[in-house]
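Inside the fold
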Amino acid sequence: MIVEDDSDIASLLTDILETEGYAPVAVPDSSALDDQLDPRPALIVLDLRLTRGGADQILSSLQLRGMGDVPILLLSAATDLPERARALGIKTYLAKPFELDELLVVVRSLV
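One structure accompanies this document, and this report is about it. What you see is a predicted model, and the numbers here were worked out from it, not measured in a lab.

1. Here we look at the sheet that holds strand 1 (residues 2–3)
The strands that make up a sheet pair up through hydrogen bonds in the backbone, lying either parallel or antiparallel. Judged by pairing direction, the sheet is parallel, and its 5 strands sit side by side in the order 2-1-3-4-5 without closing on themselves. This sheet does not close on itself; its edge strands, each paired only once, are strand 2 (26–27) and strand 5 (93–95). Bridge count for strand 4 (residues 72–76) against strand 5 is 3 bridges, and the pairing is parallel. What sits directly across from S76, in strand 5, is A95. Contacts from helix 4 (residues 81–88) reach strand 4 and strand 5 within the one sheet, and its direction differs from that of strand 5 by about 155°. Packing against the sheet, helix 5 (residues 100–110) makes contact with strand 4 and strand 5, and its axis sits at approximately 155° to strand 4.

Laid out in structure tokens, this is it:
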């Protein structure tokens, strides 16, 4: 699952993951997330800064649904990304812009 409010980035990520044989579903924010959690996602690629329903809200929603163990890959252009990821309890993150090969390596390791 891709949670990204920038449609260009969401489309790029979807295309890349589909090319690799994954079946990603892209949602723009937390309001669309609940409808897409069945079946349980193998991975969530999550933008840190969403215009609606931020990363913390999405993580809370996953916890409430008993999906707190779904692997999360946090993406952001924020300069304080490591600190923000640590504060959210997320261990895996990539800074935007990222290399496509690097993204695929991380996705493979999490799935």
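The structure having been displayed, the exposition proceeds.
2. A short note on the packing of helix 1 (residues 7–19) against helix 5
When two helices pack together, their arrangement is given by the angle between the helix axes and by the axis-to-axis distance. Contact geometry for helix 1 and helix 5: axes closest at 11 Å, N-to-C directions at 60°. As helix 1 runs across helix 5, the sense of the crossing is right-handed. Of helix 5, the residues touching helix 1 (which contributes L13, I16 and L17) are L100, L103, L104 and V107. When the residues that make up the contact of helix 1 with helix 5 are grouped by side-chain class, the tally is 7 nonpolar, no polar and no charged.

3. A word on the pattern of salt bridges
Applying the stated criterion across every chain, the model contains 4 salt bridges. Between E4 and K96 there is a salt bridge, with its nearest N and O atoms 2.9 Å apart. Taken together, the residues span a long stretch of sequence, with E4 in the loop between strand 1 and helix 1 and K96 in the loop between strand 5 and helix 5 at a distance of 92 residues. Across the pair E20 and R108 runs a salt bridge whose closest N-O atoms are separated by 2.9 Å. Of the two residues, E20 is situated in the loop between helix 1 and strand 2 and R108 in helix 5; the sequence distance between them amounts to 88 residues. Residue classification places R108 among the partly exposed positions, given a relative accessible area of 44%. A cluster of three or more residues bridged by salt bridges with shared partners is formed by E4, D47 and K96.

Reading the values: rules and limits
- Residues numbered from 1 in each chain as written.
- Predicted model: local features only at pLDDT ≥ 70, side-chain atom pairs only at ≥ 80, totals over all residues.
- Heavy atoms only, no water.
- Pairing = 2+ DSSP bridges.
- Helix = DSSP H or I, 4+ residues; strand = E, 2+ residues; numbered from the N terminus.
- Contact = heavy atoms within 4.5 Å.
- Axes fitted to C-alpha atoms, helices over the stretch in contact; angles between N-to-C directions.
- Left-handed = near helix turned anticlockwise from the far one by under 90°.
- Nonpolar A, V, L, I, M, F, W, Y, C, P; charged D, E, K, R; others polar.
- Salt bridge = Lys/Arg side-chain N within 4 Å of Asp/Glu carboxyl O.
- Buried < 20%, exposed > 50% of the residue type's maximum accessible area, 1.4 Å probe, protein only.

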